[in-house]
Structures are given as C-alpha cells and as structure tokens.
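Structural overview for review
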Amino acid sequence: MTASTRDFTQAWQDWKLQREKELADPYGWLALVSLDWLEDEPRSYGNLPGKWWQDEEAAYVDPDGADLEHEGEKITGVQRIELVNSGAGTRVRAGAVEVEIARRSGYLIRVHDPEAPVLAGFRGVPAYEPDESWAVEARFEAFEEPRPVTVGAVVEGLSHVYTAPGKVRFTHNGAEYTLTAFNGREGGFTILFTDATSGVTTYAANRSLSVGKPDEYGRVTVDFTRARNLPCAFTDFATCPLPPEGNRLPFAVEAGEKLPYERQ
C-alpha cells in the first residue's frame with residue numbers, strides 16, 4: 001500500500017466514523033418514530049401534546065396547556081411558523097421528544113424520540129471498501145443562469161424544487177457522463193444519483209454526494225467512496241428527493257454506502 005493509498009483510506013475511515021456518529025444523534029434521522037401531515041383544523045396526533053394545524057402559508061401549534069418550547073422559548077399561546085418549501089425544518093420540544101415541523105408542499109410534523117427502536121438497534125452503515133480510483137476528477141460547467149429543477153420524492157405525489165447552478169462532467173471507462181448539481185455548502189454542490197447497484201447492493205431510490213467548490217479552472221473531485229444514503233434509506237418517516245433526470249448512471253458504482261442493515 002502506497003503512502004497515498006494509506007492517507008486516502010485513513011481519511012475515508014475518519015469520514016465514516018464521523019458520519020456514523022452523526023447518524024447516532026439521539027434526535028437525528030434514526031430517532032424518527034412518526035410522520036403526520038397537518039390538516040386545516042386544529043387537532044392532536046397520537047400521544048403528542050398540543051394541537052397542530054396549517055393553512056396555505058404556515059403551520060400552527062397551540063400548547064393547549066402542555067409544556068412546549070420553540071427555539072429555547074416556552075410557547076405560551078398559538079404560535080405561527082412559516083417555512084420555505086423544501087427547505088430546513090424547525091423543532092418544537094415536547095418533554096423528552098422533539099417535534100420537527102417541515103414544509104413539503106404542505107406542512108408535516110415528525111417526532112424524534114431518543115428511545116426510537118431504529119436508533120437503539122443502529123450498528124453502523126455497511127459500505128464498499130475505499131478505493132481511490134473512485135475519486136474521479138471532474139469539471140463543473142455552470143449554466144448561464146441557475147435553474148430551478150423539480151424532482152420527485154420517495155413519497156408518492158410529493159415533489160421538491162432545488163436550484164441547479166450547473167452540471168459536473170466526468171469520464172468513466174472512456175465514456176463521458178454528466179450529473180446535474182444542486183447548490184451545496186460553502187460554494188460546493190450536492191449531487192443525487194442512482195446507478196447499476198441501486199436496488200441491488202445499494203438503496204434503490206437515491207444516494208447523495210457532496211462536491212467541493214471548483215478551482216479556478218472549474219475542476220472538482222467527485223468522490224464516490226463518500227456516497228451517502230439519504231434518510232429515507234433508514235426510515236419510512238422521511239420525504240427524500242429522487243435524482244433528477246440524467247442522474248441515473250448506467251454502470252455500477254461499487255463505492256460508498258450500501259443498503260443499510262435496517263433495510264436488509
């Protein structure tokens with residue numbers, strides 16, 4: 001093993017350790033125990049305290065005598081919460097659980113419980129062994145203007161809209177491929193894709209890649225060894241997006257995370 005390979009493998013192992021630590025968060029994705037779509041009239045949901053509802057613009061919560069908190073402040077009356085569609089959610093604390101409010105066309109609530117069975121049984125994520133040949137040099141090609149792209153979701157009838165600034169072009173076994181890239185963190189990109197392993201050794205609906213900011217020549221590295229499962233690979237209480245058209249690779253990407261133990 002060369003020094004380069006050792007360094008690559010160590011960096012990947014560090015990444016995997018951090019990734020699994022994040023997944024084991026007591027209020028993370030593996031802690032989900034329910035998903036409910038809010039209705040127009042106030043109502044309760046199971047054993048969850050308070051009353052919850054929505055209108056065309058916002059979600060509402062009435063503590064109805066319960067001890068609820070939002071952003072560190074006790075909710076003393078009806079609270080209106082307006083969110084960006086397909087954007088980040090917000091949390092309401094209700095005793096030992098956290099209630100996530102998110103907007104996915106309509107509003108939904110999801111309960112994160114640190115006693116969730118999936119979280120209690122979590123034993124890491126199976127993955128292909130790291131192979132630096134899957135860290136592919138690519139080129140980012142910007143669109144003239146960023147484009148809104150509508151994609152489907154793992155929940156039937158639901159869609160997501162994301163901004164695509166351009167495409168990433170790379171070569172594999174002598175053939176060229178392009179993948180539509182969505183805006184990511186710190187000037188980088190997020191890529192959703194499937195490939196010939198999807199539904200076989202990896203999760204059928206999608207995997208995700210984070211790609212760093214391009215250099216002055218537009219070069220980026222697409223590291224398939226860090227292909228991640230989206231939350232829907234672990235839980236039925238997620239509304240993950242599907243890859244856009246064109247992001248379905250015809251070859252087997254035998255790199256990155258495999259089908260979770262929870263789905264085997």
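Below you will find a few notes about this structure. Source: prediction; values computed, not measured.

Each value, and the rule that gives it
- Residues numbered from 1 in each chain as written.
- Predicted model: local features only at pLDDT ≥ 70, side-chain atom pairs only at ≥ 80, totals over all residues.
- Heavy atoms only, no water.
- Helix = DSSP H or I, 4+ residues; strand = E, 2+ residues; numbered from the N terminus.
- Rg over C-alpha atoms; globule rule 2.2 N^0.38 Å.
- Buried < 20%, exposed > 50% of the residue type's maximum accessible area, 1.4 Å probe, protein only.
- Contact = heavy atoms within 4.5 Å.
- Areas by Shrake-Rupley, 256 points an atom, 1.4 Å probe, with all protein chains shown as cover.
- Lys, Arg positive; Asp, Glu negative; His and termini not counted.
- Charge placed at Lys NZ, Arg CZ, Asp CG, Glu CD.
- Salt bridge = Lys/Arg side-chain N within 4 Å of Asp/Glu carboxyl O.
- Pairing = 2+ DSSP bridges.
- Axes fitted to C-alpha atoms, helices over the stretch in contact; angles between N-to-C directions.
- Polar contact = N/O pair within 3.5 Å; in protein donor to acceptor, adjacent residues only side chain to side chain.
- Phe/Tyr/Trp six-rings, centres within 6.5 Å; stacked < 30°, edge-to-face > 60°.
- Lys NZ or Arg CZ within 6 Å of the ring centre and 35° of its normal.

1. Some thoughts on the overall build of the protein
Along the protein, the regular secondary structure elements total two helices and 16 strands. In terms of overall dimensions, the protein is globule-like: its C-alpha atoms have a radius of gyration of 20 Å, near the 18 Å expected for 264 residues. Once the C-alpha set of the protein is aligned to its principal axes, its extents read approximately 65 × 45 × 30 Å. Sorting the 264 residues of the protein into buried and exposed places 48% on the buried side. In the protein, 59% of the contacts between residues at least 6 apart in sequence involve partners at least 24 apart. When the accessible surface of the protein is totalled, it reaches about 13500 Å², and 45% of it is carbon and sulfur. For the protein, the centre of its 27 positive side-chain charges and the centre of its 42 negative side-chain charges are spaced 3 Å apart.

2. What to know about the pattern of salt bridges
Tallying each qualifying case throughout the model produces 13 salt bridges. In this structure, the salt-bridge partner of E98 is R93, at a minimum N-O distance of 3.2 Å. With relative accessibility at 16%, the residue E98 sits in the buried group. Between D195 and R207 there is a salt bridge whose closest N-O contact spans 3.0 Å. Taken together, the residues span a long stretch of sequence, with D195 in the loop between β14 (189-193) and β15 (207-211) and R207 in strand β15 at a distance of 12 residues. With respect to burial, D195 and R207 carry one shared label: buried.

3. Some points on the pairing of strand β3 (residues 48-54)
Here β3 lies mainly inside the structure; five of its seven residues are buried. Of the pairings in the sheet, the one linking strand β2 (residues 43-45) to β3 comprises two bridges and is antiparallel in character. In the strand pairing of β3, R43 is matched with W52. Here β2 folds back onto β3 in antiparallel fashion, the turn holding two residues, of which G46 has a positive phi close to 55°. In this sheet, strand β4 (residues 59-62) lies alongside β3 in antiparallel orientation, the contact comprising four bridges. Bridging from a neighbouring strand, W53 pairs with Y60 of β4. Connecting β3 to the next strand, β4, in antiparallel fashion are four residues.

4. Looking at the sheet that holds strand β13 (residues 175-183)
Across the sheet, which stays open at both edges, the six strands sit in the order β15-β14-β13-β12-β11-β16 with antiparallel pairing between neighbours. Each end of this open sheet is capped by a strand with a single partner; those strands are β15 and β16 (219-223). On average, each strand axis in the sheet is inclined to that of its neighbour by 45°, with strand direction left out of account. The sheet contact formed by strand β12 (residues 159-172) and β13 spans seven bridges and is antiparallel. Within the sheet, the bridge partner assigned to R169 lies in β13 and is T178.

5. Digging into the side chain of K16
The residue K16 is located in helix α1 (residues 3-23) in this model. Of note is the side chain of K16, whose polar atom sits 2.5 Å from the side chain of E20. Apart from residues no more than four positions distant in its own chain, K16 is found in contact with V125 and A127.

6. Quick word on the environment of K258
Here K258 lies in the segment after β16. With sequence-adjacent residues up to four places away left out, K258 is seen in contact with V125, P126, A127, Y128, T201, T202 and N229.

7. Some details on the packing of aromatic side chains
This model, assessed by the stated rule, comprises 10 aromatic pairs. Between W53 and Y60, the ring centres sit 5.6 Å apart and the planes meet at 10°, which makes this aromatic pair stacked. Judged by its relative accessible area of 14%, Y60 is buried. An aromatic cluster is defined as three or more aromatic residues linked by ring pairs; in this entry it consists of W134, F170, Y177, F193, F224 and F251. The positively charged end of R43 is found above the aromatic ring belonging to Y45, 4.0 Å away from the centroid. For the cation-ring pair, K258 lies above Y128, with the distance from its terminal atom to the ring centre recorded as 4.6 Å.

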